[in-house]
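In case you want the letters, here they are:
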Amino acid sequence: MTLLVVILYLLASLVGAVLVVRHLAGAGPLGRLLWGAAMPPLLFFTPPLLLAYAELAGAPPSMAPGPLLAVQAGLVGLLWAVLRVRRTRQTVAGTPAGLAAEGAEPRAPMVLARAAAWLAGLTLMGAGVLLALGFPRGFEVWAYHLPIGLHIFDTGSVRPWDHAYMHTFPANMSLYAGLLLQALPERLVAVANLPFLLLTAVAVYGLGRVTGGGRDGALLAAAGVATIPVFAFSSLELGADVAGAGLLALAFLAVFLYRARDERGSPAAALLLAGALAGLAYGFKPLHVVPAAVLGVAILAGAAARSDRPVRAMVRDGGLYALGVVVLAGPWLARNWIELGSPVYPINVPPVTDWLGFATAPDVDYSARESTQFEWVRQPLEWLAYPWIEWHYIDQNFKHSSGFGAFFAALVPVAVLAAAWRVLMPAHHPERRAARFFQAVLLAAALVVVALWWVMNDRQPRYIMGAIVLAVPLVAPLVAEAAGRWRTGLVGVGAAACVLMLTVLASREAMTAGSQFVASSRFDRHAFYDYPQGIDALPPGSTVLNLGPRARNYMLRGAGLENRVIGFHRLRTALDATGAAGGTLGHLRALGVTHVYTQGPHRVPLDACVGLDPVARMDRNPDNGVPLAEVRTLWRVTDACADGGRQSASAR
């Protein structure tokens, strides 16, 4: 039954998109593309966010597939009714200013761009097939994205699973993956991030077109962003980076299309859509609030410039955009304010957050993260040449959190410099002025993100994905301004770079699959994740305290995802709050802990009354029999004091 409900929920998200696109039958292709890409995520995430509002307002927790489908059915029905009433009006109409006529691109560049796009799509589909042979992967995915999602649907509540800082970020990805895991096999859920890479490519294509590029350049940019390692490899994990960047780019596209089209369009719908997309992007990655704010400034500037009553126009347009942002980002802001004392918890930006009186996370110091960058560069100045040197330190180049790759290095810096020069030059034609305004907004937003990334001093490549997704579309106008063989050569270089990076992606995924499934036969969950098989056989209702690495949080749920898992931070917080009162055993009982998992050094000390009986153990590599550096053991918790002082010394 749950499977049917989840399938209907996914289908309803698509049906709503079809209704809107059919309503826009007379609109331009970019308008239909925008709404067709934007509506599925909006219709997927709006129901759980509305239920979150209801819970925060005092209603009982009700996050479950059934209530979600009921809310979504109401939304789709309301959407259908509104579209029926407004049948003769189009939300987006006309043709974007500066858009090249269909078929105007030379044949050779178009063929090369299409080939790159097809190859990117086929390669990523193949990677998805290999990914579906296994299970969800990624440190952050195991440590908190999936555990939070499962906790939300176990309890029906969006309250934080754990107050450790990494568990308190906005959790749109957890909502997404958690709902899918209610009914779909883990192997299918493992590939669930790939649609967001497609959404990102669609947004880049649209931005490339509306900023003055032709179809060849925009298609090349869309294919190129899908080959940038920090996007491509990230899409093969259930992390939050790709989805946030793609939704952010769609928000920019919504505003640009409204500004570029004639006055038959609905500014209210376009601006609300842009705000809602930016709010969703925040729910995936709070960093995207920075480019979203730049987009808001651009909206205000555009409203003032186009109206003879600038203040009124700024209040109207800015208010509509802000309303969309607040409604879709609001549940996470409200939850963290209520639960943790700061709407932006655990983010701390002194002295602003101090002046506002917001609580700060005691378990993270954002001012002491400068050393993280040295996984990618040997000294800070190397970031200026990073696209070309990409230092091979501990295999950091090609994974979910790093690597710009050949396409970025070959075209994006040149495209950014060309756009900066173009923006500074006078443009006498209205269409060129519009395209250059859009380019200026993309440049400004990207540069602000990079500047903040530098100042904040936590210089990991994935933290500027919001800038990359806004810079890559500038490849399209760069291609459009080239002529003859220069245009063909430019597209050829980009296509060759795409092929090179797709080869890297395909070879890595093939080697990973070969190692896991051919050489090691790791088709079973316990073998794939390397944990004691006894974890899969725990009685229903078992609760496991994870005293091992955070990445074990998801794995300890077991093959049926029925075990409950508690991170060591919750026990440590309870002990810090009460001291020795009640003993560790009392806290374990209060938390409902029935079993303890250990691996490596203990994160929390256990007192003498906590008896531990071994249930399952892994002390050797199952492939070659070599002893493991850290023995992995599952223990059953007993009352050692009540049992005459019996306890397992080996567990301490």
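One structure accompanies this document, and this report is about it. (Residues numbered from 1 in each chain as written. Predicted model: local features only at pLDDT ≥ 70, side-chain atom pairs only at ≥ 80, totals over all residues. Heavy atoms only, no water.)

1. A look at the packing of aromatic side chains
How two aromatic rings sit relative to each other is set out by the distance from centre to centre and by the angle between their planes.
Then comes step 1: Under the defined criterion, the tally for this structure stands at 24 aromatic pairs.
Then comes step 2: For the ring pair Tyr9 and Phe44, a centre distance of 5.3 Å and an interplane angle of 80° mean the geometry is edge-to-face. Placement of Tyr9 in helix H1 (residues 2-23) and of Phe44 in helix H2 (residues 29-56) is noted, with a sequence separation of 35 residues between them.
Then comes step 3: Exposure remark for Phe44: the relative accessible area of 5% places this residue in the buried category. (Phe/Tyr/Trp six-rings, centres within 6.5 Å; stacked < 30°, edge-to-face > 60°. Helix = DSSP H or I, 4+ residues; strand = E, 2+ residues; numbered from the N terminus. Buried < 20%, exposed > 50% of the residue type's maximum accessible area, 1.4 Å probe, protein only.)

2. A closer look at the state of the cysteines
Then comes step 1: Going through the model one piece at a time under the given rule, you end up with one disulfide.
Then comes step 2: Disulfide pairing places Cys609 opposite Cys641 at an S-S distance of 1.7 Å. The S-S bond linking Cys609 to Cys641 shows a torsion near -80°; that makes this disulfide left-handed. Of this pair, Cys609 sits in the loop between strand E3 (595-599) and strand E4 (610-620) while Cys641 sits in the segment after strand E5 (627-639); the two residues are 32 residues apart in sequence, bridging distant segments of the chain.
Then comes step 3: When its relative accessible area of 26% is taken as the criterion, Cys609 is described as partly exposed. (Disulfide = S-S within 2.5 Å.)

3. Focus: the packing of helix H13 (residues 289-306) against helix H14 (residues 310-340)
Then comes step 1: At their nearest, the axes of H13 and H14 sit 8 Å apart, and the two run at 150° to each other. As judged from the angle between their axes, H13 and H14 are roughly antiparallel. At the point where H13 passes H14, the crossing takes the right-handed sense. For the pair H13 and H14, contact is made by Ala292, Leu295, Gly296, Ile299, Leu300, Ala303 and Ala304 and by Pro310, Ala313, Met314, Asp317, Gly318 and Tyr321, respectively.
Then comes step 2: In terms of residue class, the contact of H13 with H14 is built from 10 nonpolar, two polar and one charged. (Axes fitted to C-alpha atoms, helices over the stretch in contact; angles between N-to-C directions. Parallel < 35°, antiparallel > 145°, perpendicular 65-115°, else oblique. Left-handed = near helix turned anticlockwise from the far one by under 90°. Contact = heavy atoms within 4.5 Å. Nonpolar A, V, L, I, M, F, W, Y, C, P; charged D, E, K, R; others polar.)

4. Brief notes about the nonpolar core
Then comes step 1: Phe231 and Phe252 are the most contacted members of the largest nonpolar core, which totals 189 residues.
Then comes step 2: The element best represented in this core is helix H11 (residues 241-260), accounting for 16 residues.
Then comes step 3: Contact partners of Phe231, with chain neighbours within four places excluded, come to Leu197, Thr200, Val225, Val242, Ala245, Met465, Ile468 and Val469. (Core = buried A, V, L, I, M, F, W, Y, C linked by side-chain atoms within 4.5 Å.)

5. Section: the sheet that holds E3
Then comes step 1: Strand order in this open sheet of five strands is E2-E1-E3-E5-E4, and the pairing throughout is mixed. Pairing within the sheet leaves two strands with one partner each, and these edge strands are strand E2 (564-567) and E4. Pairwise comparison of adjacent strand axes, ignoring direction, gives a mean angle of 25° for this sheet.
Then comes step 2: Looking at chain direction, E3 and E5 are connected through five bridges and run antiparallel. Within the sheet, the bridge partner assigned to Thr598 lies in E5 and is Thr633.
Then comes step 3: Its contacts with the sheet place helix H25 (residues 583-591) against strand E1 (543-546), E2, E4 and E5, and it is angled at close to 85° to E5. (Pairing = 2+ DSSP bridges.)

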